[in-house]
Amino acid sequence: MKISVNQRRLLNILYTNSRITNIELGEILQKSRQTVWQYLKKLNLNGAGFEKIQIHNPNREDNRIFFVEIKTNPEEPEIITKLSSIFATKSIDGIIGTTSLMVKFQVRTSEEFRAVLRKIDSIIAKSRFQFYHVIDILNVFKEAGHVFSENLEETFHTIRLSNKLISQTDFPYKWYIQLIPKILTEYNEIAENFLAPKDQIIDLYRTGQEFGLLAVVRTQSKEKYSAMIQDLYSTGKFQDSHTIFVLDERLPSTFKPFRI
């Protein structure tokens with residue numbers, strides 16, 4: 001299905017505010033409510049195109065995000081199935097590198113964190129390599145393409161795009177990049193004033209790793225990602241970086257889908 005200009009505009013509006021009504025959408029698009037309904041029906045692909053969600057301020061005390069890099073192989077597809085069944089799983093990406101999966105989890109308490117780790121232990125114990133690495137998130141600068149205010153009660157009403165729609169957006173390529181600045185005391189300044197404003201950066205975190213900044217990046221092409229990296233280094237602010245390319249997204253994702 002080819003997505004029309006008006007459907008692109010509609011998805012961008014829903015990304016910004018998924019609570020908007022069909023009547024309001026029609027007024028913005030200058031289309032009837034019935035036409036808007038037809039757009040939504042075609043885009044939703046029998047319920048598998050996108051879903052409306054809300055994201056609470058990720059820096060709340062009752063929120064904890066962490067990533068797990070897992071080493072596995074294609075002969076163990078059951079690992080992905082089991083990881084998908086964990087209540088806290090938010091994304092599963094097949095990646096290139098020494099590990100083959102990058103999985104994002106979100107929990108509310110230390111008890112939930114330990115419960116998830118026990119489930120991961122149980123899953124990985126039955127794998128060939130029996131290896132995983134936890135990346136703990138200390139602070140969130142940007143989440144789902146949105147920079148949250150200092151109001152911890154802020155909620156972002158948006159949409160989550162299915163794999164079928166992701167491939168048709170203007171940002172089908174996904175990357176993870178870990179960065180270390182030349183001056184370690186500038187972590188926050190660089191994250192807030194230089195990295196977070198970039199449209200290509202969807203998620204931005206401070207981690208406990210040597211490369212203390214972790215960003216999720218989406219681009220239109222590999223060339224666009226290369227240009228972004230060159231732009232980062234041209235500032236003279238970064239000592240080193242490590243890039244991970246996502247081969248396969250297994251779960252829906254949230255980001256502004258089109259440039260228009």
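Further up the page is the structure itself.
Read on for a plain summary of the structure. (Residues numbered from 1 in each chain as written. Predicted model: local features only at pLDDT ≥ 70, side-chain atom pairs only at ≥ 80, totals over all residues. Heavy atoms only, no water.)

Regarding the pattern of salt bridges
- For the coordinates displayed, the defined rule picks out 12 salt bridges.
- Linking R60 and D62 is a salt bridge whose minimum nitrogen-to-oxygen distance equals 2.8 Å.
- Residues R218 and E249 are paired through a salt bridge, measuring 2.6 Å at the closest nitrogen-oxygen approach. Within this pair, whereas R218 is found in strand β9 (residues 213–219), its partner E249 is found in strand β10 (residues 238–249), the two being separated by 31 residues in sequence. (Salt bridge = Lys/Arg side-chain N within 4 Å of Asp/Glu carboxyl O. Helix = DSSP H or I, 4+ residues; strand = E, 2+ residues; numbered from the N terminus.)

Observations concerning the sheet that holds strand β7 (residues 173–181)
- With antiparallel pairing, the eight strands of this closed barrel are ordered in space as β2-β4-β3-β10-β7-β9-β8-β5. Each strand axis lies, on average, 35° off the axis of its neighbour in the sheet, ignoring direction.
- Pairing of strand β2 (residues 64–71) with strand β4 (residues 101–107), which is carried by seven bridges, proceeds in the antiparallel orientation. If you follow V68 over to β4, its bridge partner there is V103.
- The strands touched by helix α5 (residues 110–124) are β2, β4 and β5 (131–142); relative to β2, the strand with the most contacts, the crossing angle is about 10°.
- Seen against the sheet, helix α7 (residues 187–195) touches β5, β7, β8 (201–207), β9 and β10 and runs at an angle of roughly 140° to β7. (Pairing = 2+ DSSP bridges. Axes fitted to C-alpha atoms, helices over the stretch in contact; angles between N-to-C directions. Contact = heavy atoms within 4.5 Å.)

Quick word on the packing of aromatic side chains
- The final tally for this structure, using the stated rule, is nine aromatic pairs.
- Between W175 and F245 the ring centres are 4.7 Å apart and the planes differ by 50°, which places this aromatic pair in the tilted class. With W175 in strand β7 and F245 in strand β10, this pair connects stretches of sequence that are 70 residues apart. F245 shares its class with W175; the two are buried.
- Taking NZ or CZ as reference, K71 lies 4.7 Å from the ring centre of F129, over its face. (Phe/Tyr/Trp six-rings, centres within 6.5 Å; stacked < 30°, edge-to-face > 60°. Buried < 20%, exposed > 50% of the residue type's maximum accessible area, 1.4 Å probe, protein only. Lys NZ or Arg CZ within 6 Å of the ring centre and 35° of its normal.)

Quick notes on empty space enclosed by the protein
- Counted according to the given criterion, the structure contains one cavity of 30 Å³ or more.
- Space inside the largest cavity adds up to approximately 30 Å³.
- As for the largest cavity, its lining consists of E78, I79, K82, I123, K126 and S127.
- Per element, the largest residue contribution to the lining of the largest cavity is three residues, and it comes from helix α4 (residues 78–84).
- Each residue belonging to the lining of the largest cavity can be placed in one class, and the counts come to two nonpolar, one polar and three charged. (1 Å grid on protein atoms, 1.4 Å probe; cavity = no way out; pocket = protein on both sides within 12 Å on 5 of 7 lines; lining within 4 Å. Points joined across faces, edges and corners; volume = space filled by probe spheres on them. Nonpolar A, V, L, I, M, F, W, Y, C, P; charged D, E, K, R; others polar.)

A look at helix α2 (residues 22–29)
- Looking at α2, one finds that the buried residues are L25, G26 and L29. For α2, the arc enclosing every buried residue in end-on projection is 100°, short of the 170-degree limit, so these residues lie on one face.
- Those residues of α2 that are buried lie in contact with α1 (5–16) and α3 (33–43).
- Where α2 terminates, the next one or two residues include Q30, which has phi positive at roughly 60°. (Arc of directions from axis to C-beta.)

A closer look at the layout of surface pockets
- Here the largest pocket defines a volume of roughly 670 Å³.
- Around the largest pocket sit 33 residues that line it, and K90, K104, Q106, E143 and R160 are the ones nearest its centre.
- For the lining of the largest pocket, the secondary-structure elements that each account for two or more residues are β1 (50–56), β3 (89–95), β4, β7, β8 and β9.
- The element contributing the most residues to the lining of the largest pocket is β1, with four residues.

Points about the packing of α1 against α2
- As a packed pair, α1 and α2 sit with axes 11 Å apart at the nearest point and diverge in direction by 130°. With respect to each other, α1 and α2 are oriented oblique. At the point where α1 passes α2, the crossing takes the right-handed sense. Of the residues in α2, those touching α1 at N6, R9, L10, I13 and L14 are L25, I28 and L29.
- When the residues that make up the contact of α1 with α2 are grouped by side-chain class, the tally is six nonpolar, one polar and one charged. (Parallel < 35°, antiparallel > 145°, perpendicular 65-115°, else oblique. Left-handed = near helix turned anticlockwise from the far one by under 90°.)

Looking at the pairing of β3
- Along β3, six of the seven residues are buried, which leaves the element largely enclosed by surrounding structure.
- Pairing geometry for β3 and β4, over five bridges, is antiparallel. Note on β4: the bridge partner recorded for D93 is M102.
- In textbook terms, the turn of a hairpin is the stretch between consecutive antiparallel strands, and for β3 and β4 this stretch comprises five residues, one of which, G97, has a positive phi near 150°.
- Note that β3 and β10 share three bridges and pair antiparallel. Of the residues in β10, the one forming a bridge with I95 is V246.

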